[in-house]
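Residue-level structure breakdown
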Amino acid sequence: MPGFELFGEAERKHVNDVLDSGVLMRYGFDGMRNGHWKAKELETALQERLAVKHVQLVSSGTSALTVALASANVGAGDEVIMPTFTFVASFEAILALGAVPVLVDIDDTLTLDPEAVKKAITPKTKVVMPVHMCGSMADLEALKRICDAHDLLLLEDACQAFGGSYKGIPLGSYGDLGCFSFDFVKTITCGEGGAMVTHNDQYALHADHYSDHGHDHVGNDRGAETHPFMGYNFRISELNAAVGLGQIERLDEILAIQKRNYTILKEALSEVDGVTFRRVPQGGEENYSFLNFFLPTEEKTRRAHKALAEAGIDGSFYWYDNNWHYYRKWQHLIEQKALGKLPKEAANGLQYLKTADFSSSDNWMGRTISCLIKLGWSEEVMKERAARAADSLRSIA
Ligand SMILES: *Cc1c(COP(=O)(O)O)cnc(C)c1O
């Protein structure tokens, strides 16, 4: 997954353009910036790549989620459906707006189970937020049908799935809103950065203002601009955007290496008894940043994870025990350990978590291993690693 492995000349060139003028901010200073608008250029490049009408670049994926929700007028007490398997950023963004994260089971796609989503809908539900974890996607058509029937918004967290697609549509641009992260370990990186995308003019306008203190960006005197509504500062710097411009030029190269290495590993593991693979919804094309597979029991999966580590296969993850990516270790959320008081609506809305039953998610996550696909592994190295991984999995049978 990590684009940082390929950091090189293209990134350096764009960063140097910014250093030469010294204009590190994305807005204003027109006369000083030698024609360089790195954030704007990256927004245009993303617009083209994702075939989406609007892109708002921001400071992180977490900011992108917050800005996306705010743009769609999500606020105190609104319920946002999200999966049990994701990154903590999902509930952080929801809670930042005083809204309520409603955790819902995953299925064998390792993202939202549409049947479980249906059961979680209440009159307060406003958004369904699937998270395309580890390079593959939710069943977007089924989720869209549910959203249309209940008048809900579909927000895709595509932070880990840049470059993947569903029925020919780039992930992130299928729903009403989509979010990406360009933090240091994502498919392409800005160092820190993120983007919100949408086809909706109103949400795009909201995002443009909200991410910059409510500035309406009319005219060329920042001090004289008006503030139609309150915002916040989620701006990206020109330096970070410059890195992203270098990286997006190499996206196809990154995806091609990932696909090659993923395919070598998948072919080798297909030969191992008891190994089955995560379901990719029909019409889905992964970004190949991880290979995700199941073993028959939790006990075997724990042994398999240990065997892989002992065989020197780094980058294999057992999310079930992970502090950051699965609800089971989110005691801080469940017990509402915040530095200050949470808004009343959020505090009340989170009570259900103390007794919630996610055994259906546990059944999948307890048996899941994800292998990170690195760019630095040559075809030869990958073949050797794949054979070693397959052998170590056979040894625990
Ligand atoms: C990385 C990530 C985020 C947050 O992105 P940051 O840029 O690190 O804030 C959100 N959701 C998912 C699924 C992620 O993997």
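Counting starts from 1 at the beginning of each chain's written sequence and moves along it residue by residue. Where local features are concerned, this predicted model is filtered to residues with pLDDT of at least 70; where side-chain atom pairs are given and counted, the filter is 80 or more; whole-chain, interface and lining totals use all residues. The basis for every side-chain value is the complete set of heavy atoms in the structure, and neither hydrogens nor water enter the calculation.

**Some remarks on the site of the ligand**
What counts here: Proximity is defined per residue: any heavy atom of the residue falling within 4 Å of a molecule or strand makes that residue near it. Definition of a polar contact: a pair of N or O atoms within 3.5 Å, with one able to donate and the other able to accept a hydrogen when the atoms are protein atoms, and with sequence-neighbouring residues admitted only if both atoms are side-chain atoms. Only the protein chains shown count as covering a residue, and every accessible area follows the Shrake-Rupley method with a 1.4 Å probe. For this scheme, ten residues count as nonpolar: Ala, Val, Leu, Ile, Met, Phe, Trp, Tyr, Cys and Pro. Four count as charged, namely Asp, Glu, Lys and Arg, and the remainder, Gly too, count as polar.
Taken together, 14 residues lie near the ligand, and Gly-61, Thr-62, Ser-181, Asp-183 and Lys-186 sit nearest. In the model, an oxygen atom of the ligand is placed 2.7 Å from a nitrogen or oxygen of the Gly-61 main chain. At a separation of 3.2 Å, an oxygen atom of the ligand approaches a polar side-chain atom of Lys-186. Bound to the protein, the ligand loses 93% of the 380 Å² it would expose on its own. Its residues assigned to classes, the shell around the ligand shows five nonpolar, six polar and three charged.

**With respect to the packing of helix H10 (residues 298-310) against helix H14 (residues 379-394)**
The condition is simple: Axis definition: a line fitted to C-alpha atoms, limited for helices to the stretch in contact. Angles are taken between N-to-C directions and run from 0 to 180 degrees. Think of it this way: any DSSP run of H or I at least four residues long counts as a helix, any run of E at least two long counts as a strand, and we number them from the N terminus. The cut-offs work like this: below 35 degrees is roughly parallel, past 145 is roughly antiparallel, 65 to 115 is roughly perpendicular, and the gaps in between are oblique. Here a crossing is taken to be left-handed if its near helix is turned anticlockwise relative to the far helix by less than a right angle, and right-handed if that turn runs clockwise. Residues are treated as being in contact if the distance between any of their heavy atoms lies within 4.5 Å.
Between H10 and H14, whose axes approach to 9 Å, the crossing angle comes to 140°. Our classification of the angle between H10 and H14 gives oblique. Crossing handedness for the pair H10 and H14: right-handed. Along its contact with H10, which presents Ala-304, Ala-307 and Leu-308, the element H14 presents Ala-389, Ser-392 and Leu-393. Its residues assigned to classes, the contact of H10 with H14 comprises five nonpolar, one polar and no charged.

**Notes on the nonpolar core**
Put simply, the rule reads: Put simply, a nonpolar core is a bunch of buried Ala, Val, Leu, Ile, Met, Phe, Trp, Tyr and Cys residues held in one set by side-chain atoms that sit within 4.5 Å of each other. Relative accessibility under 20% of the residue-type maximum defines a buried residue, over 50% an exposed one, and the middle range a partly exposed one, all with a 1.4 Å probe and only protein chains included. Residue ranges assigned to the domains are those given by an automatic or database domain assignment.
Ranked by internal contacts, the top residues of the largest apolar core, which has 53 residues, are Leu-69, Val-80, Phe-85, Leu-155, Trp-330 and Met-365. Of all the secondary structure elements, the ones that give two or more residues to this core are helix H3 (61-71), strand S2 (79-83), helix H4 (89-96), strand S5 (153-157), strand S8 (177-181), helix H7 (201-210), strand S12 (290-294) and helix H11 (331-334). With six residues, H3 is the single largest residue contributor to this core. When residues of this core are assigned to domains, at least three map to each of domain 1 (3-250) and domain 2 (252-394). Ignoring any residue separated from it by four or fewer positions in sequence, one finds Val-80 in contact with Leu-69, Val-74, Ile-94, Ala-99, Val-100, Pro-101, Val-102, Val-127 and Met-129.

**A word on helix H1 (residues 9-21)**
Helical geometry note: an α-helix holds 3.6 residues per turn, so side chains three or four residues apart project in the same direction. What counts, and what does not: Expected span of a helix, by definition, is 1.5 Å for each gap between consecutive residues, and there is one gap fewer than residues. Here the arc refers to the set of directions running from the helix axis out to each C-beta atom.
Here H1 spans 19 Å end to end across 13 residues, near enough to the 18 Å set by a 1.5 Å rise per residue. Buried within H1 we find Ala-10, Glu-11, His-14, Val-15, Asp-17, Val-18 and Ser-21. Here the buried residues of H1 occupy an arc of 145° about the axis, which is enough to place them on one side. Away from its buried face, by an angle of more than 90 degrees, H1 presents the exposed residues Glu-9, Leu-19 and Asp-20. Residues of H1 that are buried make contact with helix H2 (38-50) and helix H8 (238-248). Count one or two residues on from H1 and you reach Gly-22, which has phi positive near 80°.

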